[in-house]
Amino acid sequence: MLTILFDGIAYGMLLFVLAAGLAVTLGLMNFVNLAHGAFAMAGGYATVILMNRFGVPFLLCLPLAFLFSAVLGFIFERLLYRHMYERSHLDQVLFSIGLVFMSIAATDYLMGSQQQNIHLPAYLQGRVFIGGVGIGIYRLFIVVLCGLMALGLQWMLAKTRFGSQLRAAVDDRRAARGLGIPVVKVFAITFAFGSGLAGLGGALGAEIVGLDPTFPLKFMLYFLIVVTVGGTSSLTGPLLAALMLGVADVMGKYLVPQLGAFIIYAIMLAVLMLRPQGLFARGR
């Protein structure tokens, strides 16, 4: 049970990193970006190509995947997304879901429809036993890395000048511009950073959850559940929601596999019935 619990925590931390960028763009920028998973897929495929074709070490691929998805996100934000900020949420949903299907078709054409695999270095394979509990080394690596990232992200958004500028720009763009805040630049950097986080999550998750052209569509609902259940006041809510859903999903698949994903949907419904605004609602 403890091994299953730890695997669930590792999966939850991975879900958090994958969904953290969406928590920023949806929660702070108030933009419904259903194509968030496409940037995660881009980071995963960048890692596969770098490792399998060019022999780049896995640990070096992680920052490169972040950088690749961040640059891709910055380009898309400047060319496409910035024109949608003032549009309705329905327009944003239709626009971003269109990008999802375009990314699936393009990836299938360029990389093929088969599942992609990466080979982890030997020092990240195997298990260690701590107090009689078998813990996967790679999952332990994910927990430590993602935990440090969660702390850093929360500090950046809550305590830095950039975080204050972002919150001000979201609350009232006109007033923020009047105060000298470069709203356009802040939004571009934020969107690129969120896309980079998605790419890093895709790189980390390629070995655990798999990678194929349908990745953005398969995990879109998971990202939305994490952000919806966690709320949008900070990253604490999505982190707790990701951990809760990760543990529930893994334990459900181990103990009652016949139920499939029913458990996480039941948890989502229960939480939203009790707290429709999510675990942590943003103050108005």
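A closer look at helix H11 (residues 236–255)
Along its 20 residues, H11 runs 28 Å from first to last C-alpha, staying within 8% of the 28 Å computed at 1.5 Å per residue. Buried within H11 are the following residues: Gly237, Pro238, Leu239, Ala241, Ala242, Leu245, Gly246, Val247, Ala248, Asp249, Val250 and Gly252.

Structural notes on empty space enclosed by the protein
For the coordinates displayed, the defined rule picks out 2 cavities of 30 Å³ or more. The computed volume of the largest cavity comes to approximately 60 Å³. Every element with two or more residues in the lining of the largest cavity is listed here: helix H5 (137–159), helix H6 (161–171) and helix H8 (183–205). Here the element with the most residues in the lining of the largest cavity is H5; it accounts for 3 residues.

So, the nonpolar core
In terms of nonpolar packing, the biggest core is built from 89 residues, with Phe16, Phe58, Tyr81, Phe187 and Phe215 touching the most fellow members. The greatest single-element share of this core, amounting to 16 residues, is contributed by helix H1 (residues 2–28). With residues up to four places along the chain from it excluded, the contact list for Phe58 reads Thr47, Met51, Ile118, Leu120, Pro121, Leu124, Tyr138, Phe141 and Ala203.

A look at the layout of surface pockets
Taken as a whole, the largest pocket holds about 480 Å³ of empty space. As for the largest pocket, its lining consists of 20 residues, of which Met41, Ala42, Leu72, Ser103 and Thr107 are closest to the centre. Of all the elements in the fold, those that place two or more residues in the lining of the largest pocket are helix H2 (36–54), helix H3 (58–79) and helix H4 (89–111).

Let's talk about the environment of Lys218
Take Lys218: it is sitting in helix H9 (residues 215–218). Lys218 sits 181 residues away from Gly37 along the chain, and the two C-alpha atoms are 8.9 Å apart. One polar contact links Lys218 to Asp212, side chain to side chain, over a distance of 2.9 Å.

Observations concerning the pairing of strand S1 (residues 127–130)
Here 4 bridges tie S1 to strand S2 (residues 133–136), and the two strands are oriented antiparallel to one another. The residue of S2 that forms the bridge with Ile130 is Val133. Hairpin connection between S1 and S2: a loop of 2 residues separates the two successive antiparallel strands, and Gly131 in this loop has a positive phi of roughly 60°.

Here's the deal with the pattern of salt bridges
It is possible for side chains bearing opposite charge to pair when their charged atoms get close. Applying the stated rule across the entire model yields 5 salt bridges. Note that Glu77 is salt-bridged to Arg78, the shortest N-O span being 2.7 Å. One salt bridge connects Asp91 with Arg87, and the closest N-O pair in it is separated by 3.3 Å.

Observations regarding the packing of aromatic side chains
Enumeration over the complete set of coordinates arrives at 12 aromatic pairs. Judged by centre distance (5.3 Å) and plane angle (80°), the rings of Tyr85 and Phe187 are edge-to-face. Taken as a pair, Tyr85 in the loop between H3 and H4 and Phe187 in helix H8 lie far apart in primary sequence, 102 residues in all. Pair check on accessibility: Tyr85 and Phe187 agree, each one buried. The interplanar angle of 35° and the centroid separation of 4.8 Å between the aromatic rings of Phe215 and Phe219 together place this pair among those described as tilted. Phe219 carries the same exposure label as Phe215, and that label is buried. The structure contains a cluster of three or more aromatic residues connected by ring pairs, namely Phe31, Phe39, Phe76, Tyr81, Tyr85, Phe95, Phe187 and Phe191.

Re H2
Over its 19 residues, H2 extends 27 Å from the first C-alpha to the last, a length consistent with the 27 Å expected when each residue adds 1.5 Å. Burial analysis of H2 places 14 of its 19 residues in the buried class, which makes it a mostly covered element. Looking one or two residues beyond H2, the residue adopting positive phi is Gly55, at roughly 70°.

Basis of the calculations
Residues numbered from 1 in each chain as written. Predicted model: local features only at pLDDT ≥ 70, side-chain atom pairs only at ≥ 80, totals over all residues. Heavy atoms only, no water. Helix = DSSP H or I, 4+ residues; strand = E, 2+ residues; numbered from the N terminus. Expected span 1.5 Å × (residues − 1). Buried < 20%, exposed > 50% of the residue type's maximum accessible area, 1.4 Å probe, protein only. 1 Å grid on protein atoms, 1.4 Å probe; cavity = no way out; pocket = protein on both sides within 12 Å on 5 of 7 lines; lining within 4 Å. Points joined across faces, edges and corners; volume = space filled by probe spheres on them. Core = buried A, V, L, I, M, F, W, Y, C linked by side-chain atoms within 4.5 Å. Contact = heavy atoms within 4.5 Å. Polar contact = N/O pair within 3.5 Å; in protein donor to acceptor, adjacent residues only side chain to side chain. Pairing = 2+ DSSP bridges. Salt bridge = Lys/Arg side-chain N within 4 Å of Asp/Glu carboxyl O. Phe/Tyr/Trp six-rings, centres within 6.5 Å; stacked < 30°, edge-to-face > 60°.

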